[in-house]
Each structure stands twice: as structure tokens, then as C-alpha cells.
Amino acid sequence: MPGDAPDLSDHPLMKHLNAPQREAVCHAHGPLLILAGAGSGKTTVITRRIAWLIEEEGVHPGSILAMTFTNKAAEEMRDRVQRLVSVPLEQLWVSTFHSFCTRILRREGDRTPVGRDFVIFDPSDQKSLMKQVLAELHLPEKQFHPRKVLEVISDFKNRCLLPEEAREEALDPWTRKVLEAYDLYQKGLRSHRACDFDDLLLYTERLFREPALQTAYGDRFKFILVDEYQDTNRAQYLLVQHLARRHHNLCVVGDEDQSIYGWRGADIRNILDFQRDFPEAVQIKLEQNYRSTQRILDAASSVIANNSQRLGKTLWSDLGHGESIVFKLTDEGRLEAEWVVQRILELRATDAEAKVAVLYRANWQSRQLEEALRARNLPYRLVGGVKFYERQEVKDLISYLRLVSNPFDLVSFRRCVNAPSRGVGPTTLAKIEGAIPEGGTALEGLADLLRRGELKGRAQREMGRFLELFRRAAGEREAQGLAGLVRWVLQESGYLQSLEDEGTLEAEGRIRNLEEFLSAAAEAESLGVRLSEFLDRITLAADADQVEESAHLSLMTIHCAKGLEFPYVFVVGMEEDVFPNRNARETPEGLEEERRLFYVAITRAQRRLTLTAARRRRIMGTEMLGMPSRFLREIPAEALQAPIRWGTELYQAGEGVRPGSSFTRGAGGASVATELQRIRGFFDRVRAQAEEPADPSGHRDEQPEPEPESRPAAGAWPGGTRVRSPRFGRGIIVASSGSGDGLTYTVRFAEAGEKRIVARFGMLEKEG
DNA sequence: CCTCACTGCATTTTT
DNA sequence: TGCAGTGAGG
């Protein structure tokens with residue numbers, strides 16, 4: 001192989017590497033695109049390449065910048081490089097995009113609207129600020145759902161558009177209103193001296209547009225490496241372009257088939273177009289998989305082959321064919337969970353140490369699994385869900401610390417001023433906020449109010465103490481360090497006391513959480529972390545960061561599982577509307593992303609993959625019938641332990657029932673039993689007409705049997721149709737689903753935002 | 001101003 | 001199902 005002289009294979013850094021991997025490791029200069037299939041030893045290649053640069057090319061660690069998406073990935077990368085090289089790596093920049101940006105903004109932030117002592121707002125802070133904004137603009141939350149508005153704003157930010165710049169994108173009245181909210185929201189953030197997650201990227205990208213800074217940092221980072229490049233959004237893309245413009249030593253690693261963050265603004269084109277951005281780029285494909293058996297890879301390849309947005313890779317393995325993939329259809333969600341638990345118990349009987357993961361599409365699906373696991377006393381590790389730092393008591397405590405760190409943070413002020421309860425309600429709060437001097441802080445406003453004697457009774461007494469707390473906090477911070485400050489705040493605020501007074505089991509749990517927080521602070525302090533950095537870390541901590549790979553049984557979403565591997569993997573909830581998710585189903589791109597997600601799920605498995613579904617399931621309190629996921633059809637029959645007998649299975653799963661229709665037992669309509677009867681009758685008629693559908697070898701050919709729920713029925717209005725509703729006014733059809741009586745449109749109304757309208761009831765009229 | 005109870009509504013996925 | 005937002009009563 002050219003460029004792969006035989007002597008290189010003997011190099012310690014090349015040990016156990018295949019030819020493309022070696023090529024990637026020693027490619028030092030010029031742009032490089034590494035298309036790393038799942039399980040192809042990507043991290044090994046990246047870390048050895050960094051080691052190679054340092055040891056063989058003599059590159060100073062301080063000139064290397066490596067970007068990842070999670071802290072965990074960053075830490076692992078740093079650790080592994082450190083084991084390979086002989087020099088200390090303090091100067092090496094390995095960090096997530098977000099912490100990289102935070103670091104830059106803390107250094108150079110004088111040039112941004114929020115200065116360098118900003119706080120980072122997490123989603124709940126964003127939401128409370130947004131509510132404030134919507135109230136101020138008199139926008140009803142019914143039509144301007146705070147989360148939805150924030151989503152649209154986030155979209156703009158991910159594309160590097162500030163309010164003024166997004167104007168031509170905002171065509172309909174609804175979006176124009178959102179733009180007003182965006183503008184006010186940014187002003188709010190500014191006066192709080194706060195950044196949300198997106199601002200970190202956006203502001204940093206702005207900074208790097210300045211020639212002076214671009215040159216300074218571009219010069220400094222002579223070698224840049226980006227992991228998970230397929231997940232970068234526009235802001236991240238531009239950021240990297242700015243930095244790499246100088247030296248062109250940009251190595252990006254990614255896999256377009258594992259791009260699963262499109263909804264967060266990730267743009268798969270970034271990786272698809274890398275060759276266009278850097279025509280001289282070298283492309284290396286890593287296709288040998290060291291993780292899974294061939295059977296698992298066959299299934300994965302066959303599934304992903306249904307996607308169009310690809311560069312194309314074919315994974316192969318020399319680990320042998322391995323076990324067949326099992327699919328189990330159960331009657332009901334609870335039985336599915338119990339079946340999975342039963343299989344795990346059997347597994348444990350032969351291999352007590354077996355590492356198992358149960359993966360699902362959305363967090364709510366963990367509940368039934370947890371119940372089944374607890375019933376059998378099986379310990380497990382749940383990843384994601386309610387995060388530690390988002391718990392009420394922890395957030396309360398954090399709000400004190402944030403206010404100490406940045407007194408302009410009004411959201412935190414509002415939170416801690418009445419936690420524990422100090423008799424400050426909306427009235428007093430409004431008074432305080434009204435007293436805030438121009439460009440001043442809430443604490444100053446409060447001090448003013450007290451001086452003028454405008455607070456009476458309990459409020460006066462409590463607020464005096466509250467203010468005193470913050471007067472002394474700075475001193476305590478100096479004198480006691482991080483952990484000392486936390487302990488002091490817990491005591492002096494009366495927060496701990498109020499929990500102790502409660503004396504309930506719940507309060508005890510909260511106290512334990514606060515103690516855990518305290519030890520986290522102590523640990524950070526021992527590492528020399530200061531308050532503001534500690535707060536940054538907390539808010540930028542990700543779900544994926546808390547994965548313990550030593551756990552024997554892990555429950556997590558597929559998103560969280562990306563990058564991980566497990567000998568035994570269960571993927572549960574393989575049903576239409578669950579996976580693929582109901583909302584993603586509407587568009588081809590959405591469906592392709594779901595399929596990539598399934599691909600990610602499959603390729604987590606090393607030895608054994610089990611897929612399960614349920615015919616009936618309680619979702620949001622109502623009984624739903626679901627059809628098996630269309631993705632199951634994309635798995636080759638040869639890879640399965642037993643063929644999926646579609647005719648029969650669909651029969652029992654309730655083909656012919658409108659997905660999304662629900663039955664309330666007895667009440668006013670059909671019971672589940674009579675509904676099933678109806679379905680059986682329907683299917684009996686189908687079976688009478690059609691040939692025996694259970695032919696195991698033929699089921700893949702009878703394919704594209706119309707899928708009534710995804711294809712709008714004939715006569716349905718296509719997307720883009722302008723309509724009028726008596727209730728919501730003028731709008732435009734964004735999507736449609738179902739057929740017949742179930743035909744449902746998703747309509748973006750000019751005034752009312754997006755609504756789902758059942759055609760039969762909605763009285764929609766076409767507009768000329 | 002706080003607490004409790006009721007109702008109505010929503011579930012993707014996360015740095 | 002469970003949470004969050006609202007309203008009545010203490």
C-alpha cells in the first residue's frame with residue numbers, strides 16, 4: 001500500500017491496526033476525512049493519531065485541538081492519549097464544543113454582549129425566561145408554547161442567525177411573533193448576563209469572524225480534530241472552518257449513517273460535503289468492524305441500505321456469523337417488559353457477569369421495564385431521565401451559587417429568594433424587580449427597598465437576612481473555598497433546616513441529594529476547580545457522561561447509547577408510532593433519521609441482539625394498538641432466528657385499526673375485546689381473498705403493501721395546501737397522516753401555531 | 001401567601 | 001400516566 005511502508009507496521013503506535021487505520025494514524029498534514037463505521041476502532045485511531053503527531057511529528061500538545069460532543073468522550077480521549085505518549089498533556093485541548101466555547105468566551109468575552117462573567121442557562125432557566133418574555137409581549141402560551149418557541153429560536157441560533165438576520169426567514173405571522181420573542185429573549189439573556197447552550201456556539205463563532213482572533217487561534221491550533229463530525233450544526237461547522245482556515249490540518253471523523261441529531265440542528269451535509277469544502281482532502285474508510293458478529297452487521301447493513309443520504313460503507317467482521325437475531329412479539333407492554341427481564345435472568349444463570357443493555361426510543365419507555373426489574377429484584381442502571389442537577393433541591397441550591405457568582409442572574413434570584421419559603425410572593429417580587437436600578441442587580445434593588453422601609457413585617461425581616469447572606473458570601477467564598485461555601489449556604493440560607501423540619505421521607509431523600517452535591521463540590525475543589533467553572537461543568541454535564549460501562553444492566557435511550565457497546569442488547573418497543581416515532585414519520589428525512597437511529601441500536605450489540613414489540617400498550621393512560629415497526633421488514637430473513645410471519649402477526653397486532661386511535665374500555669365506544677373482534681373479522685376477509693401470507697421466504701417480496709397510516713389516502717390534500725379553519729383561521733398543511741375517518745392534518749396556522757386537525761371534525765376549507 | 005386538589009394536556013431524542 | 005398549571009380555602 002502506498003504511504004504505508006512496511007517498517008511502519010512495526011511502530012508501537014501501529015500495533016494491531018489494519019491498513020486503513022495505519023494510514024489514518026500517520027496522515028499528519030492536510031485535510032483528512034475518516035469515515036468510521038460503527039465499531040471500527042475509531043477512538044483507537046484518533047488517539048493514536050494524536051500520539052503520532054506528538055511523538056513522531058514533534059507537534060507541541062498545545063497546538064492540537066480535539067473536539068467532541070460529550071465530556072465523557074473528551075475524557076476518554078485524553079486518558080488514552082496520555083497512556084500513549086511520554087509528555088504531559090495539560091496543554092492539549094480536548095473538550096466538547098460547548099466547553100471549548102465557554103473557555104473562549106471566558107477569555108475573550110469582553111467583546112460579547114454578556115461579558116465574561118456570564119452564567120449558562122439550562123433548558124428550565126430558558127423556559128422561565130421565555131415565559132416572562134411571552135407575558136411581556138402579551139402572547140398567549142396556548143398558541144406560543146414556550147418550548148416550541150424556544151425550539152424555533154434554537155433553530156435560528158444553530159444556523160447562526162440573530163433576530164435581525166432571521167427576518168427574511170420569518171414569513172408567516174406566527175414566526176414573525178416568534179422573532180419578536182427571540183429579540184426580547186436575547187435582551188433578557190443580556191441583562192441577566194446569561195448564555196443559553198446555543199449562545200455559547202453562536203457568540204464564539206462571531207468572535208472568530210474577527211480577523212485578529214481568527215488569526216490568533218488559527219495560528220495556535222495547528223492541528224484540529226473533530227469527532228462525530230456528522231453531528232455538527234452550522235455554528236459548529238463555521239467555527240471549525242474559521243480555525244482550520246490557516247493550516248488546513250483538519251481531521252474530521254464521522255459516520256453519516258449514525259447522524260441522529262438532525263432535530264438539534266445537526267446538518268448531515270457537513271460530512272457529505274467535506275470533500276467539496278476541501279478538494280485536496282484525503283478520505284479513508286474504516287469498514288472492518290471489531291465489535292459485532294457478521295449476522296448483526298448484515299442486519300444493520302440491510303436496514304441502512306434503505307437510506308438515500310449516504311456516502312456508502314460496508315461493514316464486515318471476522319468474528320464469525322454468530323447468533324441469529326431474535327424478534328419477540330408480546331401481547332402487551334407489561335408482558336414485553338417481563339419477557340425481557342425473564343431473558344436477562346436466564347442469561348444471568350449461565351453468565352453472572354453478562355453485560356446487558358436495554359435500549360428504547362424515548363425515556364418514558366423505561367418505566368415499565370423498571371417496574372418489571374424491581375419486581376424481580378434485578379439491579380439496574382438507568383441513564384438519562386431526570387438529571388441529578390435538575391432536581392428541585394439541587395437547582396435551588398445552585399441558584400444561590402449562581403447568584404453569588406453572577407448577581408445579574410434574575411432567574412436564579414427569583415428561584416432562591418423564596419426557597420425556603422420566605423413569604424415572598426408575586427407581589428413582593430414585583431416590588432423588588434421594580435426597584436432594580438438601571439443596569440443594576442436584584443440584590444441592589446432589594447437593598448434599596450429595605451433602606452426606604454418599603455417592606456413590612458415578615459418580608460422585611462427575612463429579606464434583611466437574605467441580603468446579608470449575599471453580602472457575606474463573597475468573603476466566605478474566599479475564606480472557605482468551594483465546598484465550604486456550599487456548606488455555608490446550606491446552613492445560612494435555612495434551606496437545610498427547612499428540609500429537616502419537614503421530616504418526611506421525601507425531604508430525607510432531598511437532604512441526601514444535597515449531601516451528594518456537597519461531595520461533588522468537594523471533589524471539584526480538590527481538583528482546583530473554582531466556583532464559576534464548577535457551575536459551567538454542572539450545566540454542561542450530559543446524560544451520556546454518567547454512563548458507567550461497568551454496569552451489568554443499563555437502561556437508556558438509543559441516543560444515549562451511541563458510541564457504546566454491549567455483548568447483549570435488547571431493543572424494545574419495535575412498533576409503528578413508537579419507533580419510528582410518530583412525529584418523525586411525517587417526512588422522508590425524519591424517517592431516514594429514525595432508520596439511522598435503528599442502525600445505531602443494532603450496531604451496539606456485540607454477540608446477541610433481541611428485538612421486541614407489543615401488540616397493545618398503554619400510552620399516556622390510554623390503551624393503544626400498534627403495528628410492528630416497518631423497520632423489522634428491513635432485516636433480512638436469514639439474519640433472524642425465525643421469520644417474522646407478517647400476515648399472522650399483523651392479524652393479531654390489529655392491522656386495519658387506525659394507528660393513533662384509542663379505545664377507552666367500555667366508555668362510550670368499543671371495548672378492546674370488541675375492537676379486536678372487528679379486526680379479526682377484517683383480517684379473516686383479507687385472508688380469504690389473499691394467498692396464505694405466512695410464507696416465510698416470500699414475505700419480503702410482498703412488500704410495499706400500502707401502509708395506510710404513512711401514505712395519505714387518495715383525495716387528501718397534499719402538504720403546502722392553504723386551508724382555512726373556522727376555529728384557527730388561515731393556515732398551511734405541513735403534513736397529513738391516516739386515511740378515511742382517521743385522516744389527520746398537521747396545519748401551521750398563521751395565528752395559532754401548529755395544530756393537528758382530524759379532517760372529519762376540523763371543517764377545513766381549501767383556500768383559493 | 002401557602003397548600004391542596006382538580007383538570008387538562010402532553011412524550012421524542014440532548015449539549 | 002403523571003405533571004404542570006389553576007383555583008378554592010385556610
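What you are looking at is a predicted structure, and each value in this text was computed from that prediction instead of being measured. (Residues numbered from 1 in each chain as written. Chains lettered and ligands numbered in written order. Predicted model: local features only at pLDDT ≥ 70, side-chain atom pairs only at ≥ 80, totals over all residues. Heavy atoms only, no water.)

Participant: Summarise the protein's contact with DNA strand B; cite the residues concerned and give the values.
Facilitator: Around DNA strand B lies a shell of 27 residues, among which Arg-361, Asn-363, Trp-364, Ala-542 and Met-620 are the nearest. Considering the 4 Å shell around the protein, atoms of DNA strand B inside it are sugar or phosphate in 47% of instances. Between DNA strand B and the protein, one listed contact pairs a phosphate oxygen with a side-chain N or O atom of Asn-418 at 3.2 Å. Side-chain polar atom of Thr-428 to a phosphate oxygen of DNA strand B: 3.0 Å apart, as the coordinates give it. Among the secondary structure elements, those contributing two or more residues to the surface near DNA strand B are helix 18 (426–434) and helix 24 (558–561). Within the surface near DNA strand B, the residues separate by chemical class into 11 nonpolar, 12 polar and 4 charged. (Near = heavy atom within 4 Å. Polar contact = N/O pair within 3.5 Å; in protein donor to acceptor, adjacent residues only side chain to side chain. Helix = DSSP H or I, 4+ residues; strand = E, 2+ residues; numbered from the N terminus. Nonpolar A, V, L, I, M, F, W, Y, C, P; charged D, E, K, R; others polar.)

Participant: How would you summarise the sheet that holds strand 2 (residues 64–68) if you had to cite specific residues and measurements?
Facilitator: Overall, parallel pairing links the 6 strands, which are arranged 3-2-6-7-1-8 in an open sheet. In this open sheet, the two strands that pair with only one neighbour each are strand 3 (93–96) and strand 8 (282–286). Across the sheet, the mean angle from the axis of one strand to that of its neighbour is 15 degrees, orientation sign disregarded. Where strand 2 lies against strand 3, 4 bridges are found, and the strand directions are parallel. Residue pairing in the sheet places Leu-65 in a bridge with Trp-93 of strand 3. (Pairing = 2+ DSSP bridges. Axes fitted to C-alpha atoms, helices over the stretch in contact; angles between N-to-C directions.)

Participant: Residue-level account of the UniProt feature "domain: UvrD-like helicase C-terminal" (unreviewed entry) in chain A, with values.
Facilitator: Taking the UniProt record as the reference, the feature "domain: UvrD-like helicase C-terminal" (unreviewed entry) is found at residues 294–563. Counted over residues 294–563, helix gives 59% and strand 7%. Its end C-alpha atoms are 19 Å apart. (UniProt positions renumbered as here; feature names shortened; annotations may be inferred.)

Participant: Tell me about the UniProt feature "domain: UvrD-like helicase ATP-binding" (unreviewed entry) in chain A, residues and numbers included.
Facilitator: According to UniProt, the feature "domain: UvrD-like helicase ATP-binding" (unreviewed entry) maps to residues 15–293 in the numbering used here. End C-alpha atoms of residues 15–293 are separated by 23 Å, and the span's content is 49% helix alongside 12% strand.

Participant: Summarise the protein's contact with DNA strand C; cite the residues concerned and give the values.
Facilitator: If you check the shell around DNA strand C, you find Lys-131, Arg-367, Met-620 and Gly-621 and nothing else. Near the protein, meaning within 4 Å, the atoms of DNA strand C are sugar or phosphate in a fraction of 42%, with bases accounting for the rest. With respect to DNA strand C, the side chain of Lys-131 contributes an N or O atom lying 2.5 Å from a phosphate oxygen.

Participant: Lay out the pattern of salt bridges with the relevant residues and their values.
Facilitator: Under the defined criterion, the tally for this structure stands at 53 salt bridges. Put simply, Lys-157 and Asp-196 hold a salt bridge, and the shortest N to O gap is 2.7 Å. Taken as a pair, Lys-157 in helix 6 (residues 146–158) and Asp-196 in strand 5 (residues 194–196) lie far apart in primary sequence, 39 residues in all. Accessibility classification places Lys-157 together with Asp-196 in one group, the buried group. A salt bridge links Glu-492 to Arg-472; the shortest N-O distance between them is 3.7 Å. What makes Arg-472 partly exposed here is its relative accessible area of 36%. (Salt bridge = Lys/Arg side-chain N within 4 Å of Asp/Glu carboxyl O. Buried < 20%, exposed > 50% of the residue type's maximum accessible area, 1.4 Å probe, protein only.)

Participant: Quick rundown of the environment of Arg-615? Include the residues and the values.
Facilitator: Mapped onto the elements of the fold, Arg-615 is located in strand 14 (residues 605–619). On the basis of relative accessibility, which here comes to 12%, the residue Arg-615 falls in the buried class. Considering only alpha carbons, one finds Arg-615 and Glu-444, 171 residues apart in sequence, at a separation of 61 Å.

Participant: Talk me through the nonpolar core; I want residue IDs and the actual numbers.
Facilitator: The biggest cluster of nonpolar side chains holds 69 residues, and the ones touching the most others in it are Phe-100, Met-130 and Leu-250. If we skip the residues at most four places from it in the chain, Phe-100 touches Leu-65, Met-67, Trp-93, Ser-95, Phe-208, Phe-221 and Leu-243. The next biggest cluster of nonpolar side chains, apart from the first, holds 51 residues, and it includes Leu-403, Ile-432, Leu-450 and Leu-467. (Core = buried A, V, L, I, M, F, W, Y, C linked by side-chain atoms within 4.5 Å. Contact = heavy atoms within 4.5 Å.)

Participant: Summarise unusual backbone geometry; cite the residues concerned and give the values.
Facilitator: The step from Ala-419 to Pro-420 runs through a cis peptide bond, and the omega angle for that step is 5 degrees. Residue position: Pro-420 is located in the loop between helix 17 (410–416) and helix 18. Going from Phe-579 to Pro-580, the amide bond is cis rather than trans, its omega being 10 degrees. Of note in this structure, His-16 is not a glycine but carries a positive phi near 65 degrees.

Participant: I'd like to hear about helix 10 (residues 234–244), residue by residue, with values.
Facilitator: Along helix 10, 10 of the 11 residues are buried, which leaves the element largely enclosed by surrounding structure. For helix 10, the full list of buried residues reads Ala-235, Gln-236, Tyr-237, Leu-238, Leu-239, Val-240, Gln-241, His-242, Leu-243 and Ala-244. One side-chain oxygen at the N-terminal end of helix 10 lies 3.0 Å from the backbone nitrogen of Ala-235; it belongs to Asn-233.

Participant: Tell me what's going on with the side chain of Ser-629, and back it up with residues and numbers.
Facilitator: Inspection of the secondary structure puts Ser-629 in the loop between strand 15 (622–625) and helix 26 (646–653). Overall, Ser-629 belongs to the buried group, its relative accessible area being 0%. Only 3.0 Å separates the side chain of Ser-629 from the backbone nitrogen of Phe-631, close enough to count as a polar contact. In contact with Ser-629, not counting residues within four places along its chain, are Met-574, Glu-575, Glu-576, Phe-579, Pro-580 and Trp-646.

Participant: Requested: an account of the pairing of strand 10 (residues 356–360), with residues and values cited.
Facilitator: Most of strand 10 is tucked away: 5 of the 5 residues are buried. In strand 10, alternate side chains face the same way, and those of Val-356, Val-358 and Tyr-360 on one face and Ala-357 and Leu-359 on the other are all buried. When strand 10 meets strand 12 (residues 553–557), the two strands line up parallel, connected through 5 bridges. Bridge assignment links Leu-359 to a residue of strand 12, and that residue is Met-556.

Participant: A description of a negative patch on the surface should follow, citing residues and the corresponding values.
Facilitator: A cluster of acidic residues, Glu-500, Asp-501, Glu-502 and Glu-515, forms a negative patch at the surface. Per-element tally for the negative patch: the top contributor is helix 21 (residues 495–502), with 3 residues. Looking at where Glu-500 falls in the secondary structure, it is placed in helix 21. (Patch = residues over 30% accessible without salt bridge, like charges linked within 9 Å, V, L, I, M, F, W, Y side chains within 5 Å. Areas by Shrake-Rupley, 256 points an atom, 1.4 Å probe, with all protein chains shown as cover. Lys, Arg positive; Asp, Glu negative; His and termini not counted. Charge placed at Lys NZ, Arg CZ, Asp CG, Glu CD.)

Participant: Could you give an account of the environment of Ala-639, with specific residues and numbers?
Facilitator: Along the chain, Ala-639 falls in the loop between strand 15 and helix 26. For the pair Ala-639 and His-321, spaced 318 residues apart in sequence, the C-alpha to C-alpha distance is 9.3 Å. Apart from residues lying up to four places away in sequence, Ala-639 is in contact with Arg-295, Ala-299, Ser-324 and Ile-325.

Participant: An account of the packing of helix 20 (residues 457–492) against helix 22 (residues 505–526) is requested, with residue identities and associated values reported.
Facilitator: The contact between helix 20 and helix 22 brings their axes to 8 Å, and the two run at 160 degrees. When the axis of helix 20 is compared with that of helix 22, the two are roughly antiparallel. Between helix 20, through Gln-480, Gly-481, Leu-482, Ala-483, Gly-484, Val-486, Arg-487 and Leu-490, and helix 22, the contact on the second element is made entirely by Leu-514, Phe-517, Leu-518, Ala-521, Ala-522, Ala-524 and Glu-525. Looking at the contact of helix 20 with helix 22 residue by residue, the class counts come to 10 nonpolar, 3 polar and 2 charged. (Parallel < 35°, antiparallel > 145°, perpendicular 65-115°, else oblique.)

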